[in-house]
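A look at the structure
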Amino acid sequence: MRINEDDFGKSMHIDLYGCDNVLLDDHMYIQYTMTELIDDVLKMERFGEPFLTRFGKGDLEGYSYCQMIETSCVTAHFAPNTYSAYIDVFSCKDYNEDAVIKFLMNRFKAISYTVKVLPRR
């Protein structure tokens, strides 16, 4: 979906399944991968330091991530117990959705995914 003149931006929600749970549970790997996503794939400017912490209980335990970008934010939750990851990209600057999916699938070795892209008005 391209951002058009009536849109403020777009919000992309990617759910990854069948991921490598060791990668989903690696603080440094998540940090590096998300920085690379923002800098090299989205080509956006990070604002401040990211928030990355592990919390939750049972199958919901895992790392959560938030990075402000000059055009909005990137957030994620990584659930190694269920081999899944949930990444949201919201920006008023356009970006290549297919490149984001390909990058994340590859980096977290996902078997499948679902995606929703919504215009923000």
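This section reports on the structure supplied with the text. These numbers were taken from a predicted model, which means no experiment stands behind them.

So, about the sheet that holds strand β6 (residues 112-120). Ordered in space as β2-β3-β4-β5-β1-β6, the six strands form an open sheet in which the pairing is antiparallel. Looking at strand neighbours, the two that pair on one side only are β2 (51-55) and β6, the edges of this open sheet. Here the strands of the sheet are splayed against their neighbours by 10° on average, with no regard to which way each runs. Bridge count between strand β1 (residues 9-17) and strand β5 (residues 84-91): eight bridges; the pairing is antiparallel. Along β5, the bridge assignment pairs L16 with A85. Helix-sheet contacts for helix α3 (residues 97-107) involve β1, β5 and β6, and the interaxial angle to β1 is about 25°.

Across all of its chains, the model carries two aromatic pairs by this definition. Consider the rings of Y29 and F108, whose centres lie 5.9 Å apart with planes at 80°: the pair is edge-to-face. Of the two residues, Y29 is situated in helix α2 (residues 27-42) and F108 in the loop between α3 and β6; the sequence distance between them amounts to 79 residues. The exposure class assigned to Y29 is partly exposed, which follows from its relative accessible area of 21%.

Turning next to the pairing of strand β3 (residues 62-69). The element β3 is extensively covered by neighbouring structure, given that six of its eight residues are classed as buried. Direction of pairing for β2 relative to β3: antiparallel, over a ladder of five bridges. Across the sheet, residue F51 finds its bridge partner in β3, namely C66. A loop of six residues connects β2 with β3, the two strands running antiparallel in sequence, and G56 in this loop sits at a positive phi of about 105°.

At their nearest, the axes of α2 and α3 sit 11 Å apart, and the two run at 160° to each other. Here α3 runs roughly antiparallel to α2, going by the angle between their axes. Viewed along their axes, α2 and α3 form a crossing whose handedness is right-handed. Each of Y29, T33, E36, L37, V41 and L42 in α2 lies in contact with α3, whose residues at this interface are A99, V100, F103, L104 and R107. Across the contact of α2 with α3, the residue classes tally to eight nonpolar, one polar and two charged.

Rules used throughout
Residues numbered from 1 in each chain as written. Predicted model: local features only at pLDDT ≥ 70, side-chain atom pairs only at ≥ 80, totals over all residues. Heavy atoms only, no water. Pairing = 2+ DSSP bridges. Helix = DSSP H or I, 4+ residues; strand = E, 2+ residues; numbered from the N terminus. Axes fitted to C-alpha atoms, helices over the stretch in contact; angles between N-to-C directions. Contact = heavy atoms within 4.5 Å. Phe/Tyr/Trp six-rings, centres within 6.5 Å; stacked < 30°, edge-to-face > 60°. Buried < 20%, exposed > 50% of the residue type's maximum accessible area, 1.4 Å probe, protein only. Parallel < 35°, antiparallel > 145°, perpendicular 65-115°, else oblique. Left-handed = near helix turned anticlockwise from the far one by under 90°. Nonpolar A, V, L, I, M, F, W, Y, C, P; charged D, E, K, R; others polar.

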